[in-house]
Amino acid sequence: MITVLAGGTGSIKLVRGLVTQDPKVNVVSNVGDNYWLYGLYVCPDIDTIVYGLADMLDQDRGWGVKKDTYNFLRQMEVFGEETWFRIGDRDTATHLTRTNMLKNGKNLADITKWMCEKFAVGANVMPVSDSGIETRITTSKGEMHLQEYWVKYRGRDEVEGIQYVGADKARPNPEAINAMHDSEVVVLAPGNPLTSMGPMLQIKAVKKELSKMKKKVVAVSPLIGDEAISGPAAKYMRAAGVESNAYGLAKMYADVCSNMVIDTRDKALGRKIRDLGYRAFETRITMKNKAAEDALAGFVLKQMRG
Ligand code: FO1
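All values derive from a computational prediction rather than experimental measurement.

1. Observations concerning the site of the ligand
Part 1: Neighbouring the ligand are T9, D33, P44, D45, W63, W84, F85, R86, I87, D91, Q147 and V151.
Part 2: Relative to its unbound accessible area of 530 Å², the ligand is 86% covered by the protein chains.
Part 3: Given that more than half its atoms are within 2 Å of the pocket grid, the ligand belongs to the largest pocket.
Part 4: The residue inventory of the shell around the ligand, partitioned by class, reads 6 nonpolar, 2 polar and 4 charged.

2. Considering the pattern of salt bridges
Note that side chains of opposite charge can pair when their charged atoms are close.
Part 1: The tally for this structure, following the rule as stated, stands at 18 salt bridges.
Part 2: The residue K66 makes a salt bridge to D55 at a minimum N-O spacing of 3.5 Å. Of the two residues, K66 is situated in the loop between α2 (44–53) and α3 (71–78) and D55 in the loop between α2 and α3; the sequence distance between them amounts to 11 residues.
Part 3: Take K66: its relative accessible area is 34%, and that puts it in the partly exposed class.
Part 4: For the salt bridge of E175 with K113, the shortest nitrogen-to-oxygen distance reads 3.0 Å.

3. Topic: the sheet that holds strand β6 (residues 134–139)
Part 1: The strand order β7-β6-β8 describes an open sheet built from 3 strands, whose pairing is antiparallel. With one partner strand each, in any of the chains shown, β7 (142–145) and β8 (161–165) form the two edges of the open sheet. Adjacent strand axes in the sheet meet at a mean angle of 30°, parallel and antiparallel pairs treated alike.
Part 2: Pairing analysis gives 4 bridges linking β6 to β7, with the strands arranged antiparallel. Each residue of the ladder has a partner; that of T138, found in β7, is E143.

4. Points about the packing of α2 against helix α5 (residues 108–118)
Part 1: Remark: α2 packs on α5, axes separated minimally by 10 Å, with the N-to-C direction vectors making an angle of 20°. Accordingly, the angle class assigned to the pair α2 and α5 is roughly parallel. Where α2 crosses over α5, the handedness of that crossing is right-handed. For the pair α2 and α5, contact is made by I46, D47 and V50 and by L108, T112, M115 and C116, respectively.
Part 2: When grouped by side-chain class, the residues that make up the contact of α2 with α5 number 5 nonpolar, 1 polar and 1 charged.

5. A short note on the layout of surface pockets
Part 1: There is about 1100 Å³ of room inside the largest pocket.
Part 2: Lining the largest pocket are 49 residues, with G8, T9, G10, R61 and G62 sitting closest to its centre.
Part 3: Going through the elements one at a time, α1 (12–21), α2, α4 (89–103), α6 (146–152) and α10 (233–239) are the ones with two or more residues in the lining of the largest pocket.
Part 4: Among the residues making up the lining of the largest pocket, the classes are represented as 21 nonpolar, 18 polar and 10 charged.
Part 5: Within this model, the second largest pocket holds a volume of roughly 200 Å³.
Part 6: Counted by class, the lining of the second largest pocket contains 7 nonpolar, 2 polar and 2 charged residues.

Cut-off values and rules
Residues numbered from 1 in each chain as written. Predicted model: local features only at pLDDT ≥ 70, side-chain atom pairs only at ≥ 80, totals over all residues. Heavy atoms only, no water. Near = heavy atom within 4 Å. Areas by Shrake-Rupley, 256 points an atom, 1.4 Å probe, with all protein chains shown as cover. 1 Å grid on protein atoms, 1.4 Å probe; cavity = no way out; pocket = protein on both sides within 12 Å on 5 of 7 lines; lining within 4 Å. Sits in = over half its atoms within 2 Å of the grid points. Nonpolar A, V, L, I, M, F, W, Y, C, P; charged D, E, K, R; others polar. Salt bridge = Lys/Arg side-chain N within 4 Å of Asp/Glu carboxyl O. Helix = DSSP H or I, 4+ residues; strand = E, 2+ residues; numbered from the N terminus. Buried < 20%, exposed > 50% of the residue type's maximum accessible area, 1.4 Å probe, protein only. Pairing = 2+ DSSP bridges. Axes fitted to C-alpha atoms, helices over the stretch in contact; angles between N-to-C directions. Parallel < 35°, antiparallel > 145°, perpendicular 65-115°, else oblique. Left-handed = near helix turned anticlockwise from the far one by under 90°. Contact = heavy atoms within 4.5 Å. Points joined across faces, edges and corners; volume = space filled by probe spheres on them.

Shown next as structure tokens:
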């Protein structure tokens, strides 16, 4: 059994590759960027994983449903609402149904299971926690939700701080803990270390569990050199005072992980990472097509299974 801890856009490609290796893979999803919009509960990372596995994802953007329409949003604009967060019509049906199910007493874990069934996704996608955790960013404009920082203000301002509100009191999803415990390999996907993996690793019970099993935990780097393959990971790492490269990542994950897959171009960092006590494996980590997704997932599992 394999379990992967995943964010959204940066993680889905590796998750897809892992599903090719093992269709029943457990995917533990971040919830820190979940966002309430017009009274609807939007769960970007869960949705990116489920849509990605159901072949419904808009691959170019890495979020939302491909070929979606925006009639609902256009009407909200007519009503004078803010429309900077672009939820499409089919995507909105997901948020609306999820919100109704929450109001009817279902928890996010059950709702996500229901989604997997509806979209015929064989993998076991689950939220890391049913408690609300909110990733908040501080800039010179003040403190705001991650989605406001990244989407509304286009991530322009210097990041002064990152907070995970509610993480200290959050209870983990027991199914996620069991999945990690029962798995032969636990993968930390190449999601943003601060905003995708960060909220999950801030949950005390998740961190404790991973630290007990760190020999079987492997992280796949989302960085080559000093830059992220995509998205703002390097910017957030620098803001958190961490070197924005695979070595900085290894230091961040040192309590919970002892294996790391890095790019061949980061060979020199591999030596420093090994000095931290890691096993480090080098390969091409960019995933430009399905063959590359499968190859990287296969490589990760081969190293871990020995
Ligand atoms: N990202 C954007 O850059 N602009 C958007 O308008 C936007 C809308 C959106 C709607 C639903 C959804 O599930 C994700 C959406 N995202 C959008 C992506 C999201 O902001 C982040 O990339 C993730 O939260 C990070 O994992």
